[in-house]
Amino acid sequence: MVSIGGFDIVKTHKEFSYIYRKGKNQHANSVVLFYLPQNGVHKVGFTATKKIGNAVKRNRAKRRMRAMFYELSNSLKDGTYIFVAKAGLFDTSHEKFHNDFKKVLLRAKAITA
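Focus on the environment of His42
Here is step 1 of the chain: Structurally, His42 can be placed in strand β5 (residues 42–47).
Here is step 2 of the chain: Owing to a relative accessible area of 31%, His42 belongs among the partly exposed residues under this scheme.
Here is step 3 of the chain: For the pair formed by His42 and Gly6, sequence separation is 36 residues and the distance between their alpha carbons is 7.2 Å.
Here is step 4 of the chain: Not counting chain neighbours up to four residues away, the residues in contact with His42 comprise Gly6, Phe7, Asp8, Asp78 and Gly79.
Here is step 5 of the chain: Polar side-chain contacts of His42 include one of 2.7 Å to the side chain of Asp78.

What follows is the structure in C-alpha cells.
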C-alpha cells in the first residue's frame, strides 16, 4: 500500500464519506481538514473539487497539500486526516499556506507541539 510520511492513503468513497460524517472539521482560507482520531490508525486523504478548476489545478493543489503534510507528518497524532483544497490555495504563498495548514491541525488538536 502507498504511504506518505508513514500514513496510508484513503482511496475509497466509503472511507471518505465515513470521515466526513464522523470527523471534526476545521477551515482556513486555503484548506479544510476533516480529522477523526483513532488509536493505531495512520491514514490520510487529499481531495480537490471541480470548483477549484481544471484537472491541472486540482492536481497542483493536491501536490501542494501532500508536500505540506509530509513536512508535518512526524508531529501528528494517530487518526485519519482528509484535506480538502479551497480556491484560496492558489493565491497563497508557501508561508501563508504553511500557517493555514498548521492552524487547522492545531484547532483540531491533531498535532503535538
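A closer look at helix α3 (residues 94–107)
Here is step 1 of the chain: When the terminal C-alpha atoms of α3 are compared, their 20 Å separation across 14 residues agrees well with the 20 Å that a helix rising 1.5 Å per residue should span.
Here is step 2 of the chain: Along α3, the residues classified as buried are Phe97, Asp100, Phe101, Val104 and Leu105. Taken end-on, α3 shows its buried residues confined to a sector of 130 degrees, consistent with a single buried face.
Here is step 3 of the chain: Tucked into the core, α3 has its buried residues touching β3 (24–27), β4 (31–36), α2 (55–72) and β6 (79–85).
Here is step 4 of the chain: Positive backbone phi, at 60 degrees, marks Lys109, one or two positions downstream of α3.

What to know about a positive patch on the surface
Here is step 1 of the chain: Where like charges cluster on the molecular surface, the positive patch consists of Lys57, Arg60, Arg63 and Arg66.
Here is step 2 of the chain: On the accessibility criterion, Lys57 (38% relative accessible area) is partly exposed.

Examining the pairing of β3
Here is step 1 of the chain: Of the pairings in the sheet, the one linking β3 to β4 comprises 4 bridges and is antiparallel in character. Across the sheet, the residue bridging to Asn25 is Phe34, located in β4.
Here is step 2 of the chain: Counting the residues that bridge the hairpin from β3 to β4 gives 3 residues.

Structural notes on the nonpolar core
Here is step 1 of the chain: Ranked by size, the top nonpolar core spans 28 residues in total, and within it Phe69, Tyr81, Phe83, Phe101 and Leu105 carry the most contacts.
Here is step 2 of the chain: Of all elements in the fold, only β2 (7–9), β4, β5, α2, β6 and α3 reach the threshold of two or more residues within this core.
Here is step 3 of the chain: Residue contributions to this core peak at 5 residues, all from α2.
Here is step 4 of the chain: Dropping the residues within four chain positions of it, Phe83 is found in contact with Val31, Val32, Leu33, Val44, Gly45, Phe46, Thr47, Met65, Phe69, Phe101 and Leu105.
Here is step 5 of the chain: Among the nonpolar cores identified, the runner-up in size contains 8 residues, and Ile19, Val32, Phe34 and Val84 belong to it.

Here we look at the environment of Ile9
Here is step 1 of the chain: With respect to the helices and strands, the residue Ile9 is situated in strand β2.
Here is step 2 of the chain: In this structure the C-alpha to C-alpha distance between Ile9 and Val44, which are 35 residues apart in sequence, comes to 5.2 Å.

Brief notes about the side chain of Gln26
Here is step 1 of the chain: Of note, Gln26 is situated in strand β3.
Here is step 2 of the chain: Ignoring any residue separated from it by four or fewer positions in sequence, one finds Gln26 in contact with Val31, Val32, Leu33, Val104, Arg107 and Ala108.

Digging into the pattern of salt bridges
Here is step 1 of the chain: Counted according to the given criterion, the structure contains 3 salt bridges.
Here is step 2 of the chain: Residue Asp100 pairs with Lys96 through a salt bridge whose shortest N-O separation is 3.1 Å. Of the two residues, Asp100 and Lys96 both sit in helix α3, 4 residues apart, roughly one turn of that helix.
Here is step 3 of the chain: Residue Asp100 is classed as buried on the basis of its relative accessible area, which comes to 0%.
Here is step 4 of the chain: A salt bridge links Lys103 to Asp100; its shortest N-O distance comes to 3.9 Å. Taken together, the residues Lys103 and Asp100, both in helix α3 and 3 residues apart, mark about one turn of the helix.
Here is step 5 of the chain: When salt bridges that share partners are traced, they join Lys96, Asp100 and Lys103 into one network.

The rules we used
- In every chain, residue numbers begin from 1 and rise along the written sequence.
- This being a predicted model, a pLDDT of at least 70 is required before a residue's local features are given, and a value of 80 or more before pairs of side-chain atoms are given or counted; all residues contribute to the totals for chains, interfaces and linings.
- The side-chain figures draw on all heavy atoms in the structure; neither hydrogens nor water molecules are used.
- Helix and strand assignments come from DSSP, with helices taken as H or I runs of at least 4 residues and strands as E runs of at least 2, each series counted from the N terminus.
- Partly exposed describes any residue whose relative accessible area lies between the buried limit of under 20% and the exposed limit of over 50%, with all areas from a 1.4 Å probe on protein chains only and scaled to the type maximum.
- Contact definition: two residues touch when any of their heavy atoms are within 4.5 Å.
- N or O atoms closer than or at 3.5 Å make up a polar contact, with two conditions inside protein: a donor-capable atom paired with an acceptor-capable one, and, for residues adjacent in sequence, both atoms drawn from side chains.
- Expected helix span is computed as 1.5 Å times (number of residues minus one).
- Within this analysis, the arc is defined by the directions that extend from the helix axis to the C-beta atoms.
- Within the patch definition used here, like charges are joined within 9 Å and nonpolar side chains (Val, Leu, Ile, Met, Phe, Trp, Tyr) within 5 Å, considering only residues with over 30% relative accessible area and no salt bridge.
- Here the open area of atoms and residues is found with the Shrake-Rupley method and a 1.4 Å probe, where only the protein chains shown may cover a residue.
- By convention in these notes, a salt bridge is any Lys or Arg side-chain nitrogen within 4 Å of a carboxyl oxygen on Asp or Glu.
- Only four residue types enter the tally: Lys and Arg on the positive side, Asp and Glu on the negative side, with His and both chain ends excluded.
- For this purpose, a charge sits on NZ of Lys, CZ of Arg, CG of Asp or CD of Glu.
- Note: two strands are recorded as paired if DSSP finds a minimum of 2 bridges between them.
- Nonpolar cores were defined as sets of buried Ala, Val, Leu, Ile, Met, Phe, Trp, Tyr and Cys residues, with membership established by side-chain atoms within 4.5 Å.

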